[in-house]
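The lines below spell out each chain.
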Amino acid sequence: MPYHEFECSTCIPERKQHAVVKAPGEDLTSCLPLGYLNTIPGSISERGCAYCGAKHVIGTPMKDVIHISHGPIGCTYDTWQTKRYISDNGNFQLRYTFATDVREKHIVFGAEKLLKQNIIEAFKAHPDIKRMTIYQTCATALIGDDIDAIAGEVMEEMPDVDIFVCNSPGFAGPSQSGGHHKINIAWVNNKVGTVEPEITSDYVINYVGEYNIQGDQEVMLDFFKRMGIQVLSTFTGNGKYDDLRAMHRAHLNVLECARSAEYICNELRVRYGIPRLDIDGFGFEPLSASLRKIGLFFGIEDRAQAIIDEETRKWKPALDWYKERLKGKKVCLWPGGSKLWHWANVIEEEMGVRVVSVYTKFGHQGDMEKGIARCSEGALAIDDPNELEGLEALERLKPDVIFTGKRPGEVAKKVGVPYLNAHAYHNGPYKGYEGWVRFARDIYNAIYSPIHQLASLDISKDPIPTSHGFMTPEMISDAGLDEAVRASDVLRPYTGKADIITPLREKTDYPEFPRRQSAAE
Amino acid sequence: MTDMTKDRVEQLIDYIMKKCLWQFHSRNWDRERQNKGILGMTTALLCDEPVDIEDPKERCYWVDAVVLADAYRTRYPWINTLSKDEIRELMAALHARLDHLTITGSLNAELTDKNY
Ligand code: SF4
């Protein structure tokens, strides 16, 4: 096994089995790190807890819902306005966050009464919102509060409300991934099948594992609408609570982030016979293949092809403008879970960069299988890294940019490596054809930003140049380019607006497709 | 297996590994089902044989198979020169290799979990 031992982790020998190098001749039967295990004591992990995985990742993107944490205020702190899963109802789920504010006295005397008060108060404060999710935390799980019983009492007293309880306290798994699992299973057990939807198309899907980061879901929804497909529910970005109760009526589950949401697709397949189709919404070729597959499934491949042709024609010249300027740039692809495999191959092929390392904070071995299978030889794959390992890897690999979360990202900046936010994006959306170009634009801006010319200077000792200005990104990126490429009148940089989502929300001119007679009756 | 077949199988495997996701479902029984369903359909499509896609589950395998067969035909033009028997033989070797990489030889400790 081609394990990689970090010098900084020789004092934690178990860490050695969590990093491998994909050397020539290695395949998945010889090259796979351990994964989804409890973090080894002494290793300062970058993971979140199982409550965080259930609430912050999967539950909270639901848009028409009061989301309450039952626990100390600290647990919910990270939920408020730090995420970018936007919605088309004014971002209710981002603007308000709710916690029961459990304190020492409640630990001693119980917090059920407090919970009930909070639930009722929240519904009264927001009379238009009739749906709620409640999340268990470590403290209230340990004192044994029966959230289900309280939710049941409230639903009896207020018959127009519906409440979902998620029992996934922080300790319910090695990482946030334990919480993804728990909320998937709880939702399918308790809520799916409790609402009957109105079916308006012959082609009905659930769009699963999609969190509408900076509008990703709305971009994909536009494609589906252009194909005449009814998206019954989105699990969960920009999704509605009651739509998600009706998931059992879809003809197909279209799955993006298998790491966080494959469980519900698997269960829907077993319980309701709905097939699961894994797709990639990132990158021209993977997205085109995905739209084509969905089209094929419903016998409307021509509609998919029309979108693929139109979007490719429109955006490929811009993508290629960046590809020419990003060729050979070294990338550390260090996201949380699924993006390591969504992006590993396609950014090399479509943007010309080279992935020198992949890591996952909370992924399972299955995610590493996909990531290692897709990345090139020589890449360093790390499971659940700690900060020192990250720094050592940066020192060794000398990447031009890293894609990661905001905490490790800020660390990278301090050692002079630009970072892009892989979870919440910089200037997304990144899905769709235009989105993929926006991602290329953000990578370009990160690598070639003039700020590095200043940031790399140490004002305590380096001379500060005052006789000349800074070089612009294009002066740097185009210096070594062929004249033919530089002067190309086909290739062009991206010039789209900052906000491309509002126009999608206002769009009404979708084609009407007649329904098959037998189905419509 | 001849060196040429081995080389061809590796080319086909490389495509699946870099471009597809269906071979990496989370449990071994799922992976067996996926590999068999999709590669079986792909073989039939490459041999111009009819496929039964009435059942939604089969249809779902079929869509992955259509895209895979098309990619094989365009990326590896040598496949168009093979006889049906040769295609079947090649695809059987591919199936065995994929099962080895993703199931029997896999180091993924979660594959044998009983529940999802
Ligand atoms: S680990 Fe427990 S106490 Fe900490 S944030 Fe998560 S739920 Fe709250």
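Each chain carries its own residue numbering, running from 1 in the written order of its sequence. Each chain gets a letter, beginning with A, and each ligand a number, beginning with 1, in the order they are written. Reporting in this predicted model follows two pLDDT cut-offs: at least 70 for local features of residues, and 80 or more for side-chain atom pairs to be given and counted; totals over whole chains, interfaces and linings ignore these cut-offs and use all residues. Processing note: side-chain calculations cover all non-hydrogen atoms of the structure and skip hydrogens and water entirely.

*Asks:* What is the right way to look at the overall build of chain A in this model?
*Replies:* Segments assigned H or I by DSSP are reported as helices when at least four residues long, segments assigned E as strands when at least two residues long, and all are numbered from the N terminus. If you tally the helices and strands in chain A, you get 24 helices and 14 strands. For a compact globule of 521 residues, the expected C-alpha radius of gyration is about 24 Å, and chain A comes in at 24 Å, within 12% of that figure. C-alpha extents for chain A along the principal axes are approximately 75 × 65 × 50 Å. With a 1.4 Å probe rolled over the protein chains alone, any residue whose accessible area is under 20% of its type maximum counts as buried; one over 50% counts as exposed, and the rest are partly exposed. Out of the 521 residues belonging to chain A, those deemed buried represent 58%. Whether two residues are in contact is decided by their heavy atoms, any of which lying within 4.5 Å being enough. Restricting the contact set of chain A to residue pairs at least 6 apart, pairs at least 24 apart contribute 74%. Method for areas: the Shrake-Rupley scheme with a 1.4 Å probe, in which residue coverage is limited to the protein chains shown. As presented, chain A carries roughly 20900 Å² of accessible surface, and 53% of it is formed by carbon and sulfur atoms. Charged side chains of chain A number 60 positive and 72 negative; the gap between the two group centres comes to 1 Å. Atoms counted for the radius of gyration: C-alpha only. Globule rule: 2.2 Å times residue count to the power 0.38. Charge convention: Lys and Arg are scored as positive, Asp and Glu as negative, and His as well as the terminal groups of each chain are ignored. Throughout, a charge is located at the NZ atom of Lys, the CZ atom of Arg, the CG atom of Asp or the CD atom of Glu.

*Asks:* How do you make sense of the sheet that holds strand S8 (residues 252–255) of chain A when you look at a structure like this?
*Replies:* Residues and elements named next belong to chain A. A strand pair is defined by DSSP finding two or more bridges across the two strands. With parallel pairing, four strands are arranged side by side in an open sheet as S7-S6-S8-S9. The outermost strands of the open sheet, each flanked by one partner alone, are strand S7 (230–236) and strand S9 (276–278). Adjacent strand axes in the sheet meet at a mean angle of 25° when their direction is disregarded. When strand S6 (residues 204–210) meets S7, the two strands line up parallel, connected through six bridges. Along S7, the bridge assignment pairs Tyr207 with Thr234. In this analysis an axis means a line fitted to C-alpha atoms, helices contributing only their contacting stretch, and an angle means the value between N-to-C directions, from 0 to 180 degrees. Strand contacts of helix H9 (residues 216–226): S6 and S7, with the helix running at about 160° to S6, the strand carrying the most contacts.

*Asks:* Help me understand the domain arrangement of chain A in this model?
*Replies:* Reports often express the size of an interface as the amount of accessible area lost when the parts come together. Residue and element names in this part refer to chain A. Its domain assignment divides chain A into domain 1 (50–178), domain 2 (204–310) and domain 3 (316–500). By convention here, the domain bounds are inherited from an automatic or database domain assignment. In this structure, domain 1 and domain 2 have C-alpha centres spaced 28 Å apart. Facing 19 residues of domain 1, the contacting portion of domain 2 comprises 19 residues. Reported buried area values correspond to the accessible surface (1.4 Å probe) lost by two parts on association, with both partners' losses combined. Summing both partners gives a buried area of about 1500 Å² for domain 1 against domain 2, and 52% of it is carried by carbon and sulfur. Definition used for salt bridges: Asp or Glu carboxyl oxygen within 4 Å of a side-chain nitrogen of Lys or Arg. In this assembly, domain 1 and domain 2 are joined by two salt bridges. Residue Asp242 pairs with Arg131 through a salt bridge whose shortest N-O separation is 2.8 Å. Polar contact is the term for a pair of N or O atoms within 3.5 Å; when the atoms are in protein, one must be able to donate a hydrogen and the other to accept it, and sequence-neighboring residues count only if both atoms are side-chain atoms. At the junction of domain 1 with domain 2, the criterion picks out twelve residue pairs in polar contact (both at pLDDT 80 or more). For the side of domain 1 that touches domain 2, the secondary structure elements donating two or more residues are helix H1 (50–59), strand S4 (131–136) and strand S5 (162–166).

*Asks:* Sorry, what's going on with the pairing of strand S10 (residues 330–333) of chain A here?
*Replies:* Note on strand geometry: in a regular strand, side chains alternate between the two faces of the sheet. Residues and elements named next belong to chain A. As defined by bridge partners, S10 adjoins strand S11 (residues 354–360) across four bridges and the pair is classed as parallel. Across the sheet, the residue bridging to Lys330 is Arg354, located in S11. Inspection of the sheet shows S10 paired to strand S13 (residues 401–404) by three bridges, in the parallel sense. Each residue of the ladder has a partner; that of Val331, found in S13, is Val401.

*Asks:* In this structure, what is going on with the interface of chain B and chain A? I would like to understand it.
*Replies:* Listed by partner, the interface residues are 34 residues for chain B and 41 residues for chain A. For the pair chain B and chain A, the interface holds eight salt bridges. Across the salt bridge formed by B:Arg97 and A:Asp27, the nearest N and O atoms sit 3.3 Å from each other. For the pair chain B and chain A, the interface holds 22 residue pairs in polar contact (both at pLDDT 80 or more). Secondary structure elements with two or more residues in the side of chain B that touches chain A: helix H1 (3–19), helix H2 (28–46), helix H3 (56–75) and helix H4 (84–104) of chain B. No other element matches the eleven residues that H3(B) contributes to the side of chain B that touches chain A. We call Asp, Glu, Lys and Arg charged. Ala, Val, Leu, Ile, Met, Phe, Trp, Tyr, Cys and Pro are nonpolar, and the rest, Gly among them, are polar. For the side of chain B that touches chain A, the per-class residue count stands at 15 nonpolar, seven polar and twelve charged.

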